[in-house]
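What follows is each chain in one-letter form.
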Amino acid sequence: MKISLSGCVLAAAMSLAAFGSAQAADCKVGIAMYTLGAPYFAAQVAAAEDQAKKAGCEVTSADGQNDMAKQIADVEDMVARGVNVLILNPRDPEGLVAAADAATAAGVKVVVMDSSINTKANVITQVRSSNDQNGYLVGQWLANEMKGKPMKIILLSGDKGNEVGRDRRLGVFKGLVEGQLVNEGKASFEVVGQGWGGWAHEGGLAAMEDLLTAHPDANVVLGENDSMVLGAMKALEAQGKTDVLVLAAADGQKEALALIKEGKYGATGLNDPDLVARTAVDIGLKALNGELAADYPKLHLTTPAVITKDNVDQYYRADSVF
């Protein structure tokens, strides 16, 4: 990895250097994803698998197919098969607590990545980007971009009850309010409708078609991830709408960054799946090797950033998986 690279690539390199190779002589790593239905998750599991294999570990991964019962069964199966490190991206913050606790009780080192789990769960730590702070930075950017203009926002959310989505949208609104107060001494915007896109391109398209029919005067589309917004853009294109500002609270998907470079997409928050996944695996292996302090923090956040046309070249990689 070249020292000249910057942005998320450099961040990943720094993280891996900080954690080291975390070699384990006899490690079996299980990676339990709640879905692979969006490119972000596919990139995340690929990075986790690669990092574990580089450490010489046997790797098992499973796709929960957005079904909590299946993901619980996946975790139970991995524990029964003898994994000693479990990397868990939970479908539900409450519903996966018992499965995580049972895995820990069986001697498995459990690290939660990306999506959150209730803090009562007995896990090593949770690794994710700062959804609140990424959202806050995106909201401030939106306030500056739309300064003095009325906002009618269509909101595209992931799954009902998902804490990541909640933190992302509330972070954006918090940053938007603060930005408007600073810029104009008042705060005013309207969320005309909320749709649920399941984090996926197709879900974003379907939700946007319905919302655009109900709210043709909307001038901002805010998604909780890039994939749904990219799908929503197809609905906008189909109706010839070119004056709608589109942006996302998080991810930094390659296709979104390319559109930011072209000025067709406003902004997104930095949520690098490669960095999050590799960090989670390294922490799990260090726990397995007894190399973590007893008071290791229960939450590990990566550094937040808003990606815009001004800095997109720091993050865009044409050959990126995601």
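Structure report, in brief. Small disclaimer: the values here were computed from a predicted structure and weren't measured.

### A look at the pattern of salt bridges
Part 1 of the reasoning: Evaluated as defined, the whole model comprises 13 salt bridges.
Part 2 of the reasoning: The salt bridge involving Glu 224 is made with Arg 169; its shortest N-O contact spans 2.8 Å. Of the two residues, Glu 224 is situated in the loop between β8 (220–223) and α8 (226–238) and Arg 169 in helix α6 (residues 163–184); the sequence distance between them amounts to 55 residues.
Part 3 of the reasoning: For Glu 224, a relative accessible area of 1% gives the class buried.
Part 4 of the reasoning: Of the charged contacts in the structure, one is a salt bridge between Asp 274 and Arg 278, with a shortest N-O distance of 2.9 Å. Residue Asp 274 and its partner Arg 278 are both found in helix α10 (residues 273–288); the two are separated by four residues, about one turn of the helix.

### A short note on the layout of surface pockets
Part 1 of the reasoning: Taken as a whole, the second largest pocket encloses approximately 460 Å³ of empty space.
Part 2 of the reasoning: Lining the second largest pocket are 21 residues, with Val 244, Leu 245, Gly 263, Lys 264 and Tyr 265 sitting closest to its centre.
Part 3 of the reasoning: Counting residues per element, the ones that place at least two in the lining of the second largest pocket are α5 (131–145), α8 and β9 (245–248).
Part 4 of the reasoning: By residue number, the principal contributor to the lining of the second largest pocket is α8, which donates three residues.
Part 5 of the reasoning: Residue composition of the lining of the second largest pocket, grouped by class: nine nonpolar, five polar and seven charged.

### Description of the pairing of strand β5 (residues 125–129)
Part 1 of the reasoning: Within β5, five of the five residues are buried, leaving the element largely enclosed by the surrounding structure.
Part 2 of the reasoning: Alternating residues of β5 divide into Thr 125, Val 127 and Ser 129 and Gln 126 and Arg 128, and every residue in both groups is buried.
Part 3 of the reasoning: Pairing of strand β4 (residues 109–113) with β5, which is carried by three bridges, proceeds in the parallel orientation. Residue Met 113 lies in a different strand from β5, and its bridge partner there is Val 127.

### As for the packing of aromatic side chains
Part 1 of the reasoning: Under the definition given, this model contains four aromatic pairs.
Part 2 of the reasoning: Their ring planes at 90° and their centres at 5.5 Å tell us that Tyr 40 and Phe 41 sit as a pair that is edge-to-face.
Part 3 of the reasoning: A relative accessible area of 3% means that Tyr 40 is categorised as buried.
Part 4 of the reasoning: Ring centres of Phe 173 and Phe 189 lie 5.6 Å apart, and the angle between their planes is 25°; on these two criteria the pair is classed as stacked. With a gap of 16 residues between them, Phe 173 in helix α6 and Phe 189 in the loop between α6 and β7 (190–196) connect regions that are remote in the sequence.
Part 5 of the reasoning: Connected via pairs of aromatic rings, a cluster forms that spans Tyr 34, Tyr 40, Phe 41 and Phe 322.

### Looking at the environment of Leu 88
Part 1 of the reasoning: Of note, Leu 88 is situated in strand β3 (residues 85–89).
Part 2 of the reasoning: By relative accessible area, Leu 88 is classed as buried at 0%.
Part 3 of the reasoning: Linking Leu 88 and Ile 31, residues 57 residues apart in sequence, is a C-alpha distance of 6.1 Å.

### Here we look at the environment of Val 111
Part 1 of the reasoning: Residue position: Val 111 is located in strand β4.
Part 2 of the reasoning: For Val 111 and Asn 289, which are 178 residues apart along the polypeptide, the C-alpha to C-alpha distance reads 14 Å.
Part 3 of the reasoning: Aside from chain neighbours lying at most four places away, what touches Val 111 is Leu 86, Ile 87, Leu 88, Ile 124, Thr 125, Val 127, Ala 280, Ile 283 and Gly 284.

### Some words on α6
An α-helical turn contains 3.6 residues, so a residue and the one three or four places further along point in the same direction.
Part 1 of the reasoning: Between its terminal C-alpha atoms α6 stretches 31 Å, which fits the 32 Å expected from 22 residues at 1.5 Å a residue.
Part 2 of the reasoning: Restricting attention to buried positions, one finds in α6 the residues Val 164, Gly 165, Arg 168, Arg 169, Gly 171, Val 172, Phe 173, Gly 175, Leu 176, Gly 179 and Gln 180.
Part 3 of the reasoning: Of the residues that open α6, the one with a side-chain oxygen 2.9 Å from the backbone nitrogen of Val 164 is Asn 162.
Part 4 of the reasoning: Of the residues trailing α6, Gly 185 is marked for its positive phi of about 75°.

### Quick look at the state of the cysteines
Put plainly, two cysteines are in a disulfide when a covalent bond ties their sulfur atoms together.
Part 1 of the reasoning: Summed over all chains, the structure comprises one disulfide.
Part 2 of the reasoning: With a sulfur-sulfur separation of 1.7 Å, Cys 27 is cross-linked through a disulfide to Cys 57. Here the S-S torsion is close to -100°, and the disulfide linking Cys 27 with Cys 57 is therefore left-handed. Of this pair, Cys 27 sits in the loop between α1 (7–19) and β1 (28–33) while Cys 57 sits in the loop between α2 (39–54) and β2 (58–63), and the two are 30 residues apart along the sequence.
Part 3 of the reasoning: What makes Cys 27 buried here is its relative accessible area of 4%.

### Some remarks on the packing of α5 against α6
Part 1 of the reasoning: Remark: α5 packs on α6, axes separated minimally by 6 Å, with the N-to-C direction vectors making an angle of 40°. Judged by the sense of rotation from one axis to the other, the crossing of α5 with α6 is right-handed. Residues Asn 131, Asp 132, Gly 135, Tyr 136, Val 138, Gly 139, Gln 140, Leu 142, Ala 143 and Asn 144 of α5 touch α6, and the partners they reach there are Val 164, Asp 167, Arg 168, Gly 171, Val 172, Lys 174, Gly 175, Leu 176, Glu 178, Gly 179, Gln 180 and Asn 183.
Part 2 of the reasoning: Across the contact of α5 with α6, the residue classes break down as seven nonpolar, ten polar and five charged.

Reading the values: rules and limits
- Here the residue numbering is sequential within each chain, running from 1 through the sequence in written order.
- Only residues with pLDDT of at least 70 are given local features in this predicted model, and only at 80 or more are side-chain atom pairs given and counted; all residues enter the totals for whole chains, interfaces and linings.
- With hydrogens and water stripped out, all remaining heavy atoms of the structure feed into the side-chain values.
- Salt bridges are defined by distance alone: a side-chain nitrogen of Lys or Arg within 4 Å of a carboxyl oxygen of Asp or Glu.
- Helix and strand definitions here come from DSSP, where helices need a minimum of 4 consecutive H or I residues and strands a minimum of 2 consecutive E residues; each element is numbered from the N-terminal end.
- Partly exposed residues are those whose accessible area sits between 20% and 50% of the maximum for their type, while under 20% is buried and over 50% is exposed, using a 1.4 Å probe and protein chains only.
- Using only the protein atoms, space was sampled on a 1 Å grid; points where a 1.4 Å probe fits but cannot get out form cavities, open sets with protein on both sides within 12 Å along at least five of seven lines form pockets, and lining residues are those with an atom within 4 Å of a point.
- Grid points are joined across faces, edges and corners, and a volume is the space filled by probe spheres set on the points.
- Only Asp, Glu, Lys and Arg are considered charged in this grouping, and only Ala, Val, Leu, Ile, Met, Phe, Trp, Tyr, Cys and Pro are considered nonpolar; every other residue, Gly among them, is considered polar.
- We treat two strands as partners when DSSP finds at least two bridges between them.
- Each Phe, Tyr or Trp ring (for Trp, its six-membered ring) is paired with any other whose centre lies within 6.5 Å, and the angle between the two planes then decides the class: stacked below 30 degrees, edge-to-face above 60, tilted in between.
- Only heavy atoms enter the contact rule, under which two residues are in contact if any of them lie within 4.5 Å.
- Every helix has an expected span of 1.5 Å times one less than the residues it contains.
- Within 3.5 Å is the distance limit for a polar contact, defined as a pair of N or O atoms, with the added protein rule that one can donate a hydrogen and the other accept it, and that residues adjacent in sequence qualify only through two side-chain atoms.
- For the purposes of this analysis, a disulfide is any pair of cysteine sulfur atoms at a distance within 2.5 Å.
- Note on method: axes are straight lines fitted to C-alpha atoms, helices fitted across the in-contact stretch only, with angles between N-to-C directions ranging 0 to 180 degrees.
- Note on convention: near helix rotated counterclockwise from far helix by under a right angle means a left-handed crossing. Clockwise means right-handed.

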